[in-house]
Amino acid sequence: MADHVRDAIAQLEPSGRVVDLFSGMGSVAESLKETASVVTNDALSFTAALSRARFTGIDRQSASAEVAARLLPGYEARLHDLEEAYAVELAREAAALDGSRTDLLNYMDKAQHVGNSASRRRDARLAAESSGPKHYELATLYFSAGYLSLRQAIELDAARAAIDNDAQLEERDWLLAAWIAGTSVLVNAPGHTAQYLRPNSASAHARIVRTWSRSTWDEFVASLDTVSQVGSETWRASNSVYVGDALDLVSAGELKDIGTVYADPPYTKDQYSRYYHMYETLYRYDYPDSSGAGRNRSDRFTTGFSLKTAVTASFHDLCRNVSRMRVPLVISYPSSGLLGHAGMSVAEIAGQYFGSVETRSYEAKHSTMGASTGASKKSATENLYVCLV
């Protein structure tokens, strides 16, 4: 939908910056690089790091190879310590990967992590309170033998230690964005991190063995190139990145130089933070309370747009507060969205606050978020509502 959104906004000829209230991975913001400066917002911190790395900042002066060489000593130092501390577990994992499907399944079932082990939770508290190298053990304690292999988790922690101790602070967002992006390539999960894959079939077993044989450090180094800056330095200098609830942002009255607001709110009953909790925990590196096989953090963000009892009020808040800004509002929302199940429509609500509401409809494919049965994508009618004051 990004191209349709870009074209709709361009036709409005915005007199100021375009606010993307639910920016996610930034596809709409990237599409606007020739149209207008942007303000991105998302409730999750890790997406903001990616937005800052791509949509803000001066042109990078360091080459990726130079950065990797600079970080390598710190990475290798922490890697060595973790390899010694987890030597027995690493050997057990190697044997499971070389063994049968049952061997790997037993290894994953018996592995300890903060979601099932009091001793691992104690280790996490100690690491959280440490200020030196011993602070860097989060991926190992939270996500190993599930979303990642133990070896991959150890490499991930070692890389984070090197990044956090790097003196080039102006490159921090770039390094962390590449660290997250590289990890996403390797996560043992069905397109999201609400759950991880288990070797319940021959094909799943082969996939896990293949994925777990890859290096998180190598993927991080490769991602230094793929997490590239978007647009010109002049365009990036005018952009801003926010982290928070979209409704709080538009009601606070702090946004300046705004020409158009774009909103792509959640449209199902699923709270999307559960699909990305691993990346959020890795980025924040804050050793949160965690529970269950999914190792979910206890303070995941929730939104009224994903509650049938609150979705109507959420749309009223959105339209009311943007209309007060006296700028156009463009909303992307499918016909099958939760608001329809609540007996309302976007056009009906927006019409109470805007002088005109134009609806444009497009056929689209929606992800089923790794559904265990059926196709990975389903057909849907995506609507753009162009609301003018």
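Before any of the text, the structure's been laid out above.
None of the values given here were measured: they were computed from a predicted structure. (Residues numbered from 1 in each chain as written. Predicted model: local features only at pLDDT ≥ 70, side-chain atom pairs only at ≥ 80, totals over all residues. Heavy atoms only, no water.)

### Considerations on the environment of Lys-269
Looking at the secondary structure, you find Lys-269 in the loop between strand E4 (258-263) and helix H15 (277-284). Residues Lys-269 and Ala-49 lie 220 residues apart in sequence; the distance between their C-alpha atoms is 26 Å. (Helix = DSSP H or I, 4+ residues; strand = E, 2+ residues; numbered from the N terminus.)

### Quick notes on the pairing of E4
For E4, a buried count of six out of six residues is recorded, marking the element as mostly surrounded by other parts of the structure. Pairing of strand E1 (residues 17-20) with E4 involves four bridges; the strand directions are parallel. Across the sheet, Asp-20 pairs through a bridge with Tyr-262, a residue of E4. Where E4 lies against strand E7 (residues 329-334), three bridges are found, and the strand directions are parallel. Note on E7: the bridge partner recorded for Val-261 is Leu-329. (Buried < 20%, exposed > 50% of the residue type's maximum accessible area, 1.4 Å probe, protein only. Pairing = 2+ DSSP bridges.)

### Brief notes about the packing of helix H3 (residues 45-55) against helix H10 (residues 172-186)
Interaxial distance between H3 and H10 falls to 8 Å at its minimum, and their mutual angle equals 125°. Relative to H10, the element H3 lies oblique. For H3 against H10, the interelement crossing comes out left-handed. Two secondary-structure elements touch here, H3 through Phe-46, Ala-49, Leu-50, Arg-52 and Ala-53 and H10 through Asp-173, Trp-174, Ala-177 and Ile-180. When grouped by side-chain class, the residues that make up the contact of H3 with H10 number seven nonpolar, no polar and two charged. (Axes fitted to C-alpha atoms, helices over the stretch in contact; angles between N-to-C directions. Parallel < 35°, antiparallel > 145°, perpendicular 65-115°, else oblique. Left-handed = near helix turned anticlockwise from the far one by under 90°. Contact = heavy atoms within 4.5 Å. Nonpolar A, V, L, I, M, F, W, Y, C, P; charged D, E, K, R; others polar.)

### Notes on the nonpolar core
Residues Trp-179 and Leu-282 are the most contacted members of the largest nonpolar core, which totals 62 residues. For this core, the leading source of residues is helix H9 (residues 150-164), giving nine residues. When sequence neighbours within four positions are dropped, the list of residues in contact with Leu-282 reads Leu-138, Ala-139, Phe-143, Leu-156, Arg-160, Trp-179, Ile-180 and Thr-183. In terms of nonpolar packing, the next biggest core, distinct from the first, is built from 31 residues, Phe-22, Leu-329, Leu-338 and Cys-387 among them. (Core = buried A, V, L, I, M, F, W, Y, C linked by side-chain atoms within 4.5 Å.)

### Side note on the environment of Thr-268
Structurally, Thr-268 is set in the loop between E4 and H15. Separated by 73 residues in sequence, Thr-268 and His-341 place their C-alpha atoms 9.8 Å apart.

### So, the packing of aromatic side chains
Scanning all chains against the criterion turns up 15 aromatic pairs. For the ring pair Tyr-142 and Tyr-287, a centre distance of 6.1 Å and an interplane angle of 65° mean the geometry is edge-to-face. On the criterion of sequence distance, the pair formed by Tyr-142 in helix H8 (residues 138-143) and Tyr-287 in the loop between H15 and strand E5 (290-291) is long-range, its members being 145 residues apart. By relative accessible area, Tyr-287 is classed as buried at 9%. Between the aromatic rings of Phe-143 and Tyr-147, the centroid separation amounts to 5.9 Å while the plane-to-plane angle is 75°, which identifies the pairing as edge-to-face. For the pair Phe-143 and Tyr-147, a shared accessibility class is recorded, and that class is buried. Taken together, the aromatic side chains of Tyr-136, Tyr-142, Phe-143, Tyr-147, Trp-179, Tyr-196, Tyr-285 and Tyr-287 make up a single cluster linked through ring pairs. (Phe/Tyr/Trp six-rings, centres within 6.5 Å; stacked < 30°, edge-to-face > 60°.)

### Focus on the pairing of E1
Here E1 shows a buried face lined by Arg-17 and Val-19 and a second buried face lined by Val-18 and Asp-20. Relative to strand E2 (residues 38-42), E1 runs parallel, the two sharing three bridges. Its bridge partner being in E2, Asp-20 is matched across the sheet by Thr-40.

### Side note on the packing of helix H4 (residues 64-85) against H9
Contact geometry of H4 with H9 gives a least axis separation of 8 Å together with a crossing angle of 135°. In terms of their interaxial angle, H4 and H9 are classed as oblique. Both H4 and H9 take part in a crossing whose hand is right-handed. Note on element contacts: H9 touches H4 through Arg-151, Ile-154, Glu-155, Asp-157, Ala-158, Ala-159, Ala-161, Ala-162 and Ile-163, opposite Leu-71, Gly-74, Tyr-75, Arg-78, Leu-79, Leu-82 and Glu-83. Of the residues assigned to the contact of H4 with H9, the class counts are ten nonpolar, one polar and five charged.

### Points about the side chain of Glu-171
Relative to the helices and strands, Glu-171 is located in the loop between H9 and H10. You can call Glu-171 buried: its relative accessible area is 7%. In this structure the side chain of Glu-171 is engaged in a polar contact, spanning 2.6 Å, whose partner is the side chain of Ser-62. If near-sequence neighbours (up to four positions away) are discounted, Glu-171 is found in contact with Ser-62, Val-67 and Arg-70. (Polar contact = N/O pair within 3.5 Å; in protein donor to acceptor, adjacent residues only side chain to side chain.)

### Quick look at helix H11 (residues 202-212)
If you check which residues of H11 are buried, you get Ala-204, His-205, Ile-208, Thr-211 and Trp-212. For H11, the angular spread of the buried residues around the axis is 135°, confining them to a single face. Exposed side chains of H11 directed beyond 90 degrees from the buried face belong to Ala-202, Ser-203 and Arg-210. Buried-residue contacts for H11 involve helix H5 (87-98), helix H6 (101-110), H9 and H10. (Arc of directions from axis to C-beta.)

### Description of helix H7 (residues 118-129)
Relative to the 16 Å expected for twelve residues at 1.5 Å per residue, H7 spans 17 Å between its end C-alpha atoms, a close match to the ideal helical length. Looking only at H7, the buried set comprises Arg-120, Ala-124 and Ala-127. Projected down its long axis, H7 shows its buried positions confined to an angular sector of 65°, all on one face. Away from its buried face by more than 90 degrees, H7 exposes Leu-126 and Glu-129. Considering only its buried residues, H7 is in contact with H5 and H8. (Expected span 1.5 Å × (residues − 1).)

### Structural notes on the environment of Arg-70
Tracing the sequence through the fold places Arg-70 in helix H4. The exposure class of Arg-70 is partly exposed, given its relative accessible area of 28%. Not counting the four nearest positions on each side in its chain, Arg-70 is found in contact with Ser-62, Asp-166, Gln-168, Glu-171 and Leu-175.

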